[in-house]
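Fold and geometry: a report
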Amino acid sequence: MAMNAVARETVFTLRRQIAKIEGTLPERLQAPVPGAPLDAARLDMTLVRRGLAVASADAFLRTGIERLDTALGGGLPRAALSEIHGLETRDAGAVAGFALSLVSLILKEKQGLPILWVGTTEIFHEAGLPYARGLHAMFGIEPEQLLFSEAPKLLDALWIAEEAARMTAFAAVILEIRGSPRLLDLTATRRLHARAQNAGRPVLLLRQAGEADPTAAPVRLIVSAASSASRETVAGTLAGSIGRPAFKVDIGKSRTALPGQFTLEWNPNEHAFAERTENPVAVVPASQRGADPAPAPGAVLAFPAIGSPAAGDQPSRQQHPAHRSPRRAG
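The structure reproduced in this document is the subject of the present report. (Residues numbered from 1 in each chain as written. Predicted model: local features only at pLDDT ≥ 70, side-chain atom pairs only at ≥ 80, totals over all residues. Heavy atoms only, no water.)

A word on the sheet that holds strand β15 (residues 272–275)
Strand order across the open sheet formed by nine strands is β7-β6-β8-β9-β5-β10-β13-β14-β15, with mixed pairing between neighbours. Two strands bound the open sheet, and with one partner strand each, they are β7 (146–151) and β15. Between one strand and the next, the sheet's axes are offset by a mean angle of 25°, whatever the strand orientation. The pairing of strand β6 (residues 115–120) with strand β8 (residues 172–178) spans five bridges and is classified as parallel. Residue pairing for β8: Trp 117 is matched across the bridge by Ile 174. The sheet strands contacting helix α7 (residues 186–199) are β5 (81–86), β8 and β9 (203–208), and the helix crosses β5 at an angle near 130°. (Pairing = 2+ DSSP bridges. Helix = DSSP H or I, 4+ residues; strand = E, 2+ residues; numbered from the N terminus. Axes fitted to C-alpha atoms, helices over the stretch in contact; angles between N-to-C directions. Contact = heavy atoms within 4.5 Å.)

Here is the structure:
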């Protein structure tokens, strides 16, 4: 009995330490009592119990897709580090486009505050910078609302992101990193997550062609490009045209959601997402009344065996004298 009591106390102590590291007070781990009055100090608290989160509506950035927001427990957390991961280099454009879509949603609520995009020289040389006129036309973002910070080294980029994440002068901070560097470990991402929680601002971690390494981000979305649908006109679908940009979004990690996949389209006119339901590919069943398939052929040789030339390769009788006669001289 004494050993059980000691073990139970050890577990409680560990839970309190984990709650302090994650910024969650121990009393928030308790479920609310039905019918009990809630004071004003606890109205904005996030109640976490058995993987379920209940929070106020303004604690999440809603994507506007009901299924995705419900799966994420309300949307992307505002005061937290969120990871947007591209598995391959060719997904860098889709990851950046999806991040700009989220920035457009953030700026709708945070008017007047800019966005800081931090990256290394390698990142911006590899993937380039967003086109200023395209930012306004596609996402409704003014060029002066998006600030870029190019650091020579990853260590400098992490420092800039941490310092910017603690400031309330930015609506959000974006940190873009390529590959799986050792500096981007749990310690570095915990610092970013803590800065975002204290400032109440989202920090987006964009990953290019990296492994799904452990991070402190409570949500990881794996983003890749999806095929665009054809444009819709008054007369109907315009064949051979390219419609709105589309993203394939997979929930790679979430404390409140199971893995799932969504196909989202970005509406550049309304600056909003729309979910697209993929049509299943029809599979033609095998014929049941056809003839039996031909038997598999035997061994095929590139050259006939020596001494047994193929019938079609033998010269005709009229060709034999020509082969055997000497060449004409003079």
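What follows picks up the thread again.
Digging into the pattern of salt bridges
Taken as a whole and assessed by the stated rule, the structure comprises twelve salt bridges. A salt bridge links Glu 163 to Arg 166, with the shortest nitrogen-to-oxygen separation between them at 3.6 Å. On the accessibility criterion, Glu 163 (28% relative accessible area) is partly exposed. The closest approach of N and O atoms between Asp 213 and Arg 207, which form a salt bridge, is 3.9 Å. When its relative accessible area of 26% is taken as the criterion, Asp 213 is described as partly exposed. By relative accessible area, Arg 207 is classed as buried at 1%. (Salt bridge = Lys/Arg side-chain N within 4 Å of Asp/Glu carboxyl O. Buried < 20%, exposed > 50% of the residue type's maximum accessible area, 1.4 Å probe, protein only.)

As for the packing of aromatic side chains
Under the defined criterion, the tally for this structure stands at six aromatic pairs. Relative to Phe 273, the ring of Phe 98 lies with its centre 5.6 Å away and its plane at 35°, an arrangement referred to as tilted. With Phe 98 in helix α3 (residues 92–109) and Phe 273 in strand β15, this pair connects stretches of sequence that are 175 residues apart. Each member of the pair Phe 98 and Phe 273 is classed as buried. With centroids separated by 5.9 Å and ring planes inclined at 85°, the aromatic side chains of Phe 124 and Phe 148 adopt a geometry described as edge-to-face. Of the two residues, Phe 124 sits in helix α4 (residues 121–127) while Phe 148 sits in strand β7, which places them 24 residues apart along the sequence. For Phe 148, a relative accessible area of 33% gives the class partly exposed. Each member of the aromatic cluster is reached from another via a ring pair, and the members are Phe 98, Phe 139, Phe 247, Trp 266 and Phe 273. (Phe/Tyr/Trp six-rings, centres within 6.5 Å; stacked < 30°, edge-to-face > 60°.)

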